[in-house]
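Residues per chain are reported as follows:
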Amino acid sequence: MSENAHAHDAVEVIAAKRDRHELSDSQIDWVIDAYTRGAVADEQMSSLAMAILLNGMNRREISRWTDAMIASGERMDFSSLSRPTADKHSTGGVGDKITLPLAPLVAACGVAVPQLSGRGLGHTGGTLDKLEAIPGWRAALSNAEMLAQLESVGAVICAAGDGLAPADKKLYALRDVTGTVEAIPLIASSIMSKKIAEGTGALVLDVKVGTGAFMKSLDSARELAETMVALGTDAGVHTVALLTDMSTPLGLTAGNAIEVQESVDVLAGGGPADVVELTLALAREMLAGAGRGDVDPADRLADGSAMDVWKRMIRAQDGDPDAALPTARESHVVAAPASGVLTRLDAMAVGLAAWRLGAGRARKEDPVQAGAGVVWHARPGDQVTEGQPLFTLLTDDEHRFERALASLEGGYDIEDGSSYDATPIVIDRVG
Ligand code: URA
């Protein structure tokens, strides 16, 4: 607890926010500290979270709330590294495997990437679940192992340890079951407390907008991006945000092993054009933020050096980058019901289908299937012919097909002779 945090009373703090008052610095410091210690009960914190969702917090309150969450745990320090650091955070989307090619690519350009990632919950996939499809790969590293790998390889993707922003860990789990995830002040402080505590020098936020994202409207995505950029900048982290489209899923796959394969295809110089475009756009921002804007990441993809870093990064965490990836036991092909142009492919429908096939989990402790997921054989704008494969569904359990097929119903449009206006992937930049 900070020195000026006086003892307060949970009901007093809840009532203040319920009645639309600003919380004082000392009320915020006290409530976060007392909640982390267990002196404020879950039902009291969930009531406060709902009052914040309904009545908001101003910039000062969000900034103080973030600082208090950082102060609840340890801060990492990468200042001993011989190169600058940059990280990326995505607010989560369907088929979003960008971290996998991006981290080794940026490291190949001379900037170290300390990526603390999470597991998937709900319809969006988790980076650690994807990497765990690689035989032998382990997500848990000690701080010392992480620092050593950052120096020797330049890129680490691993699980965030328990010591980082423990207040957020507790609060996020509570928000998840109390209908309070969607509050912009709580999302912004949750993400930024972890990224600031992680100690990266530069940060690029990929704020997703569209049907498959937390933020369904451009206005709310922009507000979230502006709030997070201000928090990062105030904390001395060079922070920018890209607002990117998540109405359509990224690439051609949503799952675990199949997304690893698509990422390896990108590192080998191929892969879907949208995945390559977004990877390069985020890499350029990370390099510029770390003072290496003179390096063109496209060169490092083309010359194979990003692939070299990928293999070293996987091996350093006991994975075998050359081993065959797991495959699902069962597959089911959905044929195009008509000929025409695919004019819409809904990210939420695809994400739900992948989740129902076993690629994601309903509860934190559930296992995921490495081989499960959805492959789509056309992207919006492509011409399709009646009867051609449109989706391939993959799972180990045949009984899962029925519900996955139901979630794809109404999730796409094929229109005859229609012209198609492509949405750009990068919609805007904040920062
Ligand atoms: N991701 C986080 O880490 N926190 C949130 O509140 C939402 C998404």
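Everything that follows concerns the structure shown earlier in this document.
Note that this is a predicted model, so its numbers are computed, not measured.

Considering empty space enclosed by the protein
Then step 1. The final tally for this structure, using the stated rule, is one cavity of 30 Å³ or more.
Then step 2. Looking at the largest cavity, its volume works out to about 130 Å³.
Then step 3. Looking at the lining of the largest cavity, the elements that each hand over two or more residues are helix H6 (127-131), strand S6 (253-255) and helix H15 (347-359).
Then step 4. Residues lining the lining of the largest cavity come from more than one domain, with at least three contributed by each of domain 2 (86-162 + 193-316) and domain 3 (330-415).

Points about the site of the ligand
Then step 1. Inspection of the region around the ligand gives Tyr172, Arg175, Ile187, Ser190, Ile191, Lys194 and Phe214 as its neighbouring residues.
Then step 2. Separating an oxygen atom of the ligand from a side-chain N or O atom of Arg175 is a distance of 2.9 Å.
Then step 3. Taking 240 Å² as the accessible area of the ligand by itself, protein coverage stands at 92%.
Then step 4. The set of elements that each furnish at least two residues to the shell around the ligand consists of helix H8 (166-176) and helix H9 (184-198).
Then step 5. Sort the elements by how many residues they give to the shell around the ligand and H9 lands first, with four residues.

Describing the sheet that holds strand S4 (residues 202-209)
Then step 1. Within the open sheet, the four strands sit side by side as S1-S4-S5-S13. Their pairing is mixed. What marks the edges here is a single partner per strand, and that holds for strand S1 (86-90) and strand S13 (426-430). The mean inter-strand angle of the sheet, taken between neighbouring strand axes irrespective of direction, is 20°.
Then step 2. In the sheet, S4 pairs with strand S5 (residues 238-245) via eight bridges, with the strands oriented parallel. Looking at S5, one finds that Val209 is bridged to Asp245.
Then step 3. Relative to S5, helix H10 (residues 218-234) is tilted by about 165°, and along the sheet it contacts S4, S5 and S13.

Regarding helix H1 (residues 10-18)
Then step 1. Among the residues of H1, those classed as buried are Ala10, Val13, Ile14, Ala15, Ala16 and Lys17.
Then step 2. Looking at where H1 begins, the residue whose side-chain oxygen comes 3.2 Å from the main-chain nitrogen of Val11 is Asp9.

A closer look at the pattern of salt bridges
Then step 1. The full count for this structure, using the stated rule, is 28 salt bridges.
Then step 2. Salt bridges sharing partners connect three or more residues here, namely Glu22, Asp25, Asp29, Arg60 and Arg64.

Comments concerning the nonpolar core
Then step 1. Ranked by size, the top nonpolar core spans 76 residues in total, and within it Trp310, Val350, Val374, Phe391 and Leu393 carry the most contacts.
Then step 2. In terms of residue count, helix H12 (residues 273-289) provides more of this core than any other element does, nine residues in total.
Then step 3. When sequence neighbours within four positions are dropped, the list of residues in contact with Val350 reads Val94, Pro249, Ala254, Leu345, Val374, Trp376, Phe391 and Leu408.
Then step 4. Ile32, Ala34, Met57 and Leu141 belong to the second largest nonpolar core, which has 60 residues in total.

Section: the packing of helix H5 (residues 99-108) against helix H14 (residues 305-316)
Then step 1. Taken N-terminus to C-terminus, the directions of H5 and H14 make an angle of 110°; their axes are 8 Å apart at the nearest point. When the axes of H5 and H14 are compared, the pair comes out roughly perpendicular. As for how H5 packs across H14, the hand of that crossing is right-handed. Where H5 abuts H14, its residues Leu100, Pro104, Leu105, Ala107 and Ala108 lie against Ser305, Ala306, Val309, Trp310 and Met313.

Here we look at unusual backbone geometry
Then step 1. Of note in the backbone geometry, Arg20 takes a positive phi value of approximately 65° without being a glycine.
Then step 2. For Arg20, the position within the fold is in the loop between H1 and helix H2 (25-37).
Then step 3. In this structure, Asp318 takes a positive phi of about 70° despite not being glycine.

Cut-off values and rules
Residues numbered from 1 in each chain as written. Predicted model: local features only at pLDDT ≥ 70, side-chain atom pairs only at ≥ 80, totals over all residues. Heavy atoms only, no water. 1 Å grid on protein atoms, 1.4 Å probe; cavity = no way out; pocket = protein on both sides within 12 Å on 5 of 7 lines; lining within 4 Å. Points joined across faces, edges and corners; volume = space filled by probe spheres on them. Helix = DSSP H or I, 4+ residues; strand = E, 2+ residues; numbered from the N terminus. Domains from an automatic or database assignment. Near = heavy atom within 4 Å. Polar contact = N/O pair within 3.5 Å; in protein donor to acceptor, adjacent residues only side chain to side chain. Areas by Shrake-Rupley, 256 points an atom, 1.4 Å probe, with all protein chains shown as cover. Pairing = 2+ DSSP bridges. Axes fitted to C-alpha atoms, helices over the stretch in contact; angles between N-to-C directions. Contact = heavy atoms within 4.5 Å. Buried < 20%, exposed > 50% of the residue type's maximum accessible area, 1.4 Å probe, protein only. Salt bridge = Lys/Arg side-chain N within 4 Å of Asp/Glu carboxyl O. Core = buried A, V, L, I, M, F, W, Y, C linked by side-chain atoms within 4.5 Å. Parallel < 35°, antiparallel > 145°, perpendicular 65-115°, else oblique. Left-handed = near helix turned anticlockwise from the far one by under 90°.

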